[in-house]
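Structure assessment
For reference, the chains in residue letters:
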Amino acid sequence: MSVRTTPSVCMVSFLFFPHYSGAGAQALTLSKKLVAHGTSVMFVTAGFDGDPEFEEYEGFRVFRILCGGLGVVGLVKFWVRLFALLLRHRREFDLIHVHGVAAWQILTGLYGRILGRPTLIKVTMAEADLDFKRRGRLLGKLEAACFRHFSRYIALSSKITGELRAVGVPPARIVTLPNGVNTDRFHPVTPMEKERIKHKLQLTKPKIVTFIGMVIRRKGIDVLIEAWERVIRACPDACLLLIGPTAGIEAHCTDNTFIDSIRTSIQSLGLEDHALILGARQDVELYLQASDVFVLPSQAEGLPNVLLEAMACGLPCITTRVSGTEDVITDGGNGFLVDYGDRESLQARLIQLLRDDELCGMIGANALQTVQSKYALEMIANSYARVYEELLDRHS
């Protein structure tokens, strides 16, 4: 295969528009920047009821594989149809970039070898993506064997880098590369502009704390609501916004009882005027720009996009000590770190920031500087372009 001056990339993400996932969102953000530099990109994703098999979305060709369900039969159908689609379109891409380690796309490395295309896979979740045993004895062994066929492995954090080495991936095939932030979209605003945005979004409380992410148990929202009840006692002029998908495919098919329990907790604690479940939003940058503090109390992450986006908006952030966050946040410098499930520390940090505008400004300014110097999308896209070039040079 001859190497093209500007490579063509096939992005594979199990969930992609209109179904939300952090990995899919980051794939789209990265692709827009790559295209601006001449790279050609197409997407392959799963399709569900009502999804078209093909469409153009924001200038990208999107091919959807309709598998008819999420069970074993659907999985096997997806594997077969994924190979058929890649085979049919093999002359339209030079390499395959897989976003996330999941059974649905784990065979892509092997498919790449068969088709003569280099592949790279981004490991997006620590303490989960590489735990093949939890998938069951048979499927786990199959996934572990197929995982070895990728040409390169992208680790979002130092923790994931360590996990890749622990499962036997040669260090030479690991690239530690974080997510990037579109600082043209996510940026601070003036106090006057902030008030205008709050009015537009109908946010009437003087202080706004925002969470963005799938409203699922892993994100620690139950702990957050418990802490928030005590925060409101100390800061009655504050409001918590919960933004993100709450159920269905976007929420990884989680049982709806979790979001129901969150709604019940909000009501039973008398927080209806101080905690709003807003669901998924396309204009999340406006909510961040209208906010005073960002909070992400997750149990596990890879490197959360939303944390970087909040920092890019100049917000002081409180998050848990999980994969990625410890690479980004210096506790007390450009944000605050708490242990997962530590309600007391979480509420103490929230109260501290809500009561101290000067501290908020200092922490937020440091957060912004961190993103601009290390996580700007332009820098990350250039790093990916170099990885692509190195892979294609080796493969030619």
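An account of the accompanying structure is given in this report. Residue positions are given per chain, counted from 1 along the sequence in the order it is written. Side-chain atom pairs in this predicted model are given and counted only at pLDDT of 80 or more, local residue features only at pLDDT of at least 70, and totals for whole chains, interfaces and linings cover all residues. Just so you know, side-chain values use all the structure's heavy atoms and leave hydrogens and water out.

To continue, consider the pattern of salt bridges. One speaks of a salt bridge when a side-chain nitrogen belonging to Lys or Arg is within 4 Å of a carboxyl oxygen belonging to Asp or Glu. Taken as a whole and judged by the stated rule, the model has 19 salt bridges. One salt bridge connects R64 with E55, and the closest N-O pair in it is separated by 2.5 Å. Between D292 and K194 there is a salt bridge, with its nearest N and O atoms 2.5 Å apart. Taken together, the residues span a long stretch of sequence, with D292 in the loop between α9 (284-289) and β12 (293-296) and K194 in helix α6 (residues 191-200) at a distance of 98 residues. A run of H or I in DSSP counts as a helix once it spans at least four residues, and a run of E counts as a strand once it spans at least two, with each numbered from the N terminus.

In a regular helix each residue adds 1.5 Å, so 14 residues correspond to 20 Å; helix α7 (residues 221-234) covers 20 Å between its end C-alpha atoms and thus fits that length. Considering bend angle alone, the principal kink of α7 is centred on W228 and spans about 25°. Those residues of α7 that sit buried are I221, V223, L224, I225, A227, W228, E229, V231 and I232. What makes two residues a contact is simply this: any of their non-hydrogen atoms within 4.5 Å. Contacts made by the buried residues of α7 are with β9 (207-212), β10 (238-243), α8 (257-268), β11 (275-279), β12 and α12 (343-355). For a helix, the expected span equals 1.5 Å multiplied by the residue count minus one. The seven residues ending at a residue and the seven starting there each receive a fitted axis; the angle between those axes is the bend at that residue. Think of it in three bands: with a 1.4 Å probe and only protein chains considered, a residue is buried below 20% of the maximum accessible area for its type, exposed above 50%, and partly exposed in between.

This part covers the layout of surface pockets. The computed volume of the second largest pocket comes to approximately 790 Å³. In terms of lining, the second largest pocket is formed by 33 residues, of which the most central are Y20, A25, R185, R281 and Q282. Within the residue set of the lining of the second largest pocket, elements represented by two or more residues are α1 (22-36) and α10 (305-312). Among the elements that make up the lining of the second largest pocket, the one with the highest residue count is α1 (six residues). Under the scheme applied, nonpolar residues are Ala, Val, Leu, Ile, Met, Phe, Trp, Tyr, Cys and Pro; charged residues are Asp, Glu, Lys and Arg; polar residues are all the others, including Gly. Here the residues of the lining of the second largest pocket are counted per class, giving 16 nonpolar, 11 polar and six charged. Here the term cavity refers to a set of points on a 1 Å grid, laid over the protein atoms alone, in which a 1.4 Å probe fits but cannot get out; the term pocket refers to an open set having protein on both sides within 12 Å along at least five of seven lines, with lining residues being those that place an atom within 4 Å of a point. Grid points are joined across faces, edges and corners, and a volume is the space filled by probe spheres set on the points.

Turning our eyes to something else, we now look at the sheet that holds strand β6 (residues 119-123). The strand order β3-β4-β2-β1-β5-β6-β7-β8 describes an open sheet built from eight strands, whose pairing is mixed. Edge positions in the sheet fall to β3 (54-57) and β8 (174-176), since each of these pairs with one other strand and no more. The average angle at which neighbouring strand axes cross in this sheet is 25°, direction not considered. Where strand β1 (residues 8-12) lies against strand β5 (residues 95-99), four bridges are found, and the strand directions are parallel. Paired with V9 across the two strands is L95, which belongs to β5. Contacts from α1 reach β1, β2 (40-47), β3, β4 (60-66), β5 and β6 within the one sheet, and its direction differs from that of β2 by about 165°. Helix axes use the C-alpha atoms of the stretch in contact, all axes being lines fitted to C-alpha atoms, and the angles between their N-to-C directions lie in the range 0 to 180 degrees. The strands that helix α2 (residues 72-88) touches are β1, β2, β4 and β5; relative to β4, the one it contacts most, it runs at about 145°. For two strands to pair, DSSP has to find at least two bridges joining them.

Turning to the nonpolar core, a few remarks are in order. Counting 110 residues, the largest nonpolar core has F147, L164, W228 and L350 as the members making the most contacts within it. With eight residues, the single largest contributor to this core is α7. Beyond its immediate stretch of four places on either side in the chain, F147 contacts V101, I106, I121, V123, L130, F132, Y153, L164 and V169. Put simply, a nonpolar core is a bunch of buried Ala, Val, Leu, Ile, Met, Phe, Trp, Tyr and Cys residues held in one set by side-chain atoms that sit within 4.5 Å of each other.

Right, let's talk about the sheet that holds strand β13 (residues 317-320) for a bit. Here six strands make up an open sheet; going across it, the order is β11-β10-β9-β12-β13-β14 and the pairing parallel. The sheet terminates laterally at β11 and β14 (336-338), the two strands that pair on one side only. Averaged over all neighbouring strand pairs, the angle between strand axes comes to 20°, with direction disregarded. Bridge count for β13 against β14 is three bridges, and the pairing is parallel. Note that in β14 the partner of I318 across the bridge is F336.

What counts as a ring pair is set by centres within 6.5 Å for rings of Phe, Tyr and Trp (its six-membered ring), and what kind of pair is set by the plane angle: stacked under 30 degrees, edge-to-face over 60, tilted for all other angles. Counted by the stated rule, this structure contains 14 aromatic pairs. Measuring from ring centre to ring centre gives 5.0 Å for F54 and F63, while their planes differ by 50°; the resulting arrangement is tilted. Taking the relative accessible area as the measure of exposure, F63 reaches 9% and is therefore buried. A centroid spacing of 6.2 Å and a plane angle of 70° characterise the contact between F150 and Y153, whose relative ring orientation is edge-to-face. One aromatic cluster is present, built from ring pairs that chain together F16, F17, F43, Y57 and F60. A ring is considered to have a charge above it if a Lys NZ or an Arg CZ atom is located within 6 Å of its centre and within 35 degrees of its normal. Of note, R117 hangs over the ring of F93, and the distance from its end group to the ring centre comes to 6.0 Å.

Time to look at unusual backbone geometry. Excluding glycine, a negative phi dihedral is what most residues carry, and trans is how most peptide bonds are arranged. The step from F17 to P18 runs through a cis peptide bond, and the omega angle for that step is 5°. Even without being a glycine, E58 presents a positive backbone phi close to 50°. On the secondary structure map, E58 appears in the loop between β3 and β4. Given the relative accessible area of 44%, E58 is considered partly exposed.

Let's shift gears to the pairing of β3. Sheet topology places β3 next to β4; four bridges connect them, and they run antiparallel. The residue of β4 that forms the bridge with F54 is F63.

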